[in-house]
Each structure stands twice: as C-alpha cells, then as structure tokens.
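# Topology and contacts: notes
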Amino acid sequence: MPTVAALPYDYSFDPSRLGLVVIDMQRDFLEPGGFGETLGNDVSLLAAAVPAVEKLLRVFRDRSLTIIHTKECHRPDLSDCPPSKRNRGSCTLRIGDAGPMGRILIDGEPGSDFIPRLRPRHGELVLTKPGKGAFYATPLHEELQARGITHLLVTGVTTEVCVQTTMREANDRGYECLLVEDATESYFPEFKKATLEMVRAQSGIVGWTATTAQVLAGLGA
C-alpha cells in the first residue's frame, strides 16, 4: 500500500480510495478587488499555494483519480447567507455588493469563479458551498461515499478557516485527511503555522501533514 512520509507518522492509502480536495481557489480570494482584499488582506500571499496545487492536479488527472473543487459563494438573493455573515466587520464591500469582479461572493459572478490556472476540467466534481466547511449544505459526503473515497488530500485557502473547517468536518465523518503543507495558504502566515501544528497534534487528532514532494513520492510520481 502506498505511504507518504508525513507527520505525525506515515500516511498509508489505497489510491482508488483517495480524493484530492481543492478548496476555494477563487478570484474573490486570490485576486485584487475580491472579497479577500475588501477585508483588508494582502491577497498576493495566497499565490504561493498555486504551483503545488497545479502539480497535484496534474498527477491526479494523469491517473484519473478523484478531484473535488469547492467554491464559497451564495445565491443571488442571499437566501443562503445569514445576516450575521454579511454584516460582520467593517469592510468596504460586503457579500452581495457590486465590486470590480461583479457582486462579491455571488455564484455566477466573475469573482466567484476559479483562478484560470486551477480551473476544473470536465468530469471533476465542483461544489458550491455557502459556509466555511465543504460538508455544510453540500452533497460532498454522499458524493465521496458513492465513489468509495475514504482518504482525502486537502489543499486550498485559507488554511485556518475553510481548509481547517473542512478537515474537521471530514474527520468527524470518518475520513483520513492529509493537509498538503505547501498547497495551502493564509493571509496570516502565523495562522497557517498554528493550523498545521493543531492538525497533527496529539498523534494526528485531525489528520496528517506533508509537503507536495512527499505526497508525490508516496504516489510514485
């Protein structure tokens, strides 16, 4: 059985039961003028994760393995966006407001789309999610069960929010998750570091972590 030299110990998996989850690699979070920037963040910090995600996508596509893309966005009428989420904070633009890339975090608007380098391909699962975690109000669990997936490689942004939330949701549902360290990023480097430590603490209470190079070596790529 393939094994990744991960922390806190080796991560073993059956490739036929392995899925790659790419979380929220959207223009609204990674490009100027989107939601991330309206919150006062330096969105350029997230670009560091893109090459690693590209490498993983290439290998998974070459081997016809399961790939899941998520994007956080809401219906145009905001019926799936709690007022508390929209109104919190002092940002200049709020969810649903018109911005440089269309209405902020609204499904179908240019800003909610994936960055071009990581755009999904035909046959890959694409899920819109109204919350932080990829399992909340989505069919992700049912889709993974239908495909026989038991192990997940988790990537995307941001590490301490949507990525960590998804890992914790997956952990509670019995999935064995590995967070790919250089394929995830945060607007706050110290938050990313803390999240990696939390994930693998107490003998992997949430899961494992490893670099893209270690993952690819485990896949024999």
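Reading the values: the criteria
Residues numbered from 1 in each chain as written. Predicted model: local features only at pLDDT ≥ 70, side-chain atom pairs only at ≥ 80, totals over all residues. Heavy atoms only, no water. Pairing = 2+ DSSP bridges. Helix = DSSP H or I, 4+ residues; strand = E, 2+ residues; numbered from the N terminus. Axes fitted to C-alpha atoms, helices over the stretch in contact; angles between N-to-C directions. Contact = heavy atoms within 4.5 Å. 1 Å grid on protein atoms, 1.4 Å probe; cavity = no way out; pocket = protein on both sides within 12 Å on 5 of 7 lines; lining within 4 Å. Points joined across faces, edges and corners; volume = space filled by probe spheres on them. Nonpolar A, V, L, I, M, F, W, Y, C, P; charged D, E, K, R; others polar. Buried < 20%, exposed > 50% of the residue type's maximum accessible area, 1.4 Å probe, protein only. Parallel < 35°, antiparallel > 145°, perpendicular 65-115°, else oblique. Left-handed = near helix turned anticlockwise from the far one by under 90°. Polar contact = N/O pair within 3.5 Å; in protein donor to acceptor, adjacent residues only side chain to side chain. pLDDT = per-residue confidence, 0-100. Phe/Tyr/Trp six-rings, centres within 6.5 Å; stacked < 30°, edge-to-face > 60°.

Strand order in the open sheet formed by six strands is β7-β4-β3-β8-β9-β10, and the pairing between neighbours is parallel. Each edge of the sheet is formed by a strand with only one pairing partner; in this case those strands are β7 (125-129) and β10 (208-210). Going from strand to strand, the sheet's axes swing by 25° on average, the running direction of each strand aside. Alignment of strand β4 (residues 66-72) against β7, held across five bridges, turns out to be parallel. Pairing of T70 across the sheet is with L127, part of β7. Lying over the sheet, helix α6 (residues 159-172) contacts β3 (18-23), β4, β7, β8 (151-157), β9 (176-185) and β10, oriented at roughly 170° with respect to β9.

What follows covers the layout of surface pockets. A volume near 450 Å³ is recorded for the largest pocket. Contributing to the lining of the largest pocket are 22 residues, with F29, F35, L39, K132 and V161 lying nearest its centre. Of all the elements, α6 adds the most residues to the lining of the largest pocket, at three residues. The residue makeup of the lining of the largest pocket, split by class, is 10 nonpolar, four polar and eight charged.

Before going further, it helps to spend a moment on the pairing of β4. The buried fraction of β4 is high, at seven of seven residues. Burial along β4 is two-sided: T66, I68, T70 and E72 facing one way and I67, H69 and K71 facing the other are all buried. Sheet topology places β3 next to β4; five bridges connect them, and they run parallel. Bridge pairing in β4 links L20 to I67.

This part is about the packing of α6 against helix α7 (residues 189-204). Where α6 meets α7, the closest approach of the two axes is 10 Å, and the angle between their N-to-C directions is 15°. The angle between α6 and α7 falls in the class roughly parallel. The hand of the α6/α7 crossing is right-handed. Packed against α6, whose contacting residues are T159, E160, Q164, M167 and R168, the element α7 presents F191, K192, T195, M198 and V199 at the interface. Across the contact of α6 with α7, the residue classes tally to four nonpolar, three polar and three charged.

This part covers the side chain of Q164. By the secondary structure assignment, Q164 is in helix α6. A polar contact of 3.2 Å, which involves the side chain of Q164, links it to the backbone oxygen of E160. Not counting residues within four places of it along the chain, the set of residues in contact with Q164 comprises T158, T159, T195 and M198.

On to the environment of G207. Along the chain, G207 falls in the loop between α7 and β10. A C-alpha to C-alpha distance of 20 Å links G207 and P189, two positions 18 residues apart in sequence. Not counting residues within four places of it along the chain, the set of residues in contact with G207 comprises L7, P8, M167, C177, V199 and R200.

In this section: the confidence of the model for the protein. A low pLDDT means the predicted coordinates there should not be read in detail. Per-residue pLDDT for the protein averages 97, and the proportion of residues at 70 or more is 100%. Summarising per-element confidence for the protein, the mean pLDDT is lowest in helix α2 (residues 35-38) (91) and highest in β8 (99).

All right, on to the packing of aromatic side chains then. Going through the model one piece at a time under the given rule, you end up with five aromatic pairs. Arranged with centres 5.4 Å apart and planes meeting at 75°, the rings of Y9 and W208 form a pair that is edge-to-face. Of this pair, Y9 sits in the loop between β1 (3-4) and β2 (11-12) while W208 sits in strand β10, placing them 199 residues apart in sequence. A residue is classified by how much of its surface remains accessible, and Y9, at 41% relative accessible area, is partly exposed. Using a relative accessible area of 10% as the deciding quantity, one classes W208 as buried. Three or more aromatic residues link up through ring pairs in this structure, and these residues are Y9, Y11, F13 and W208.

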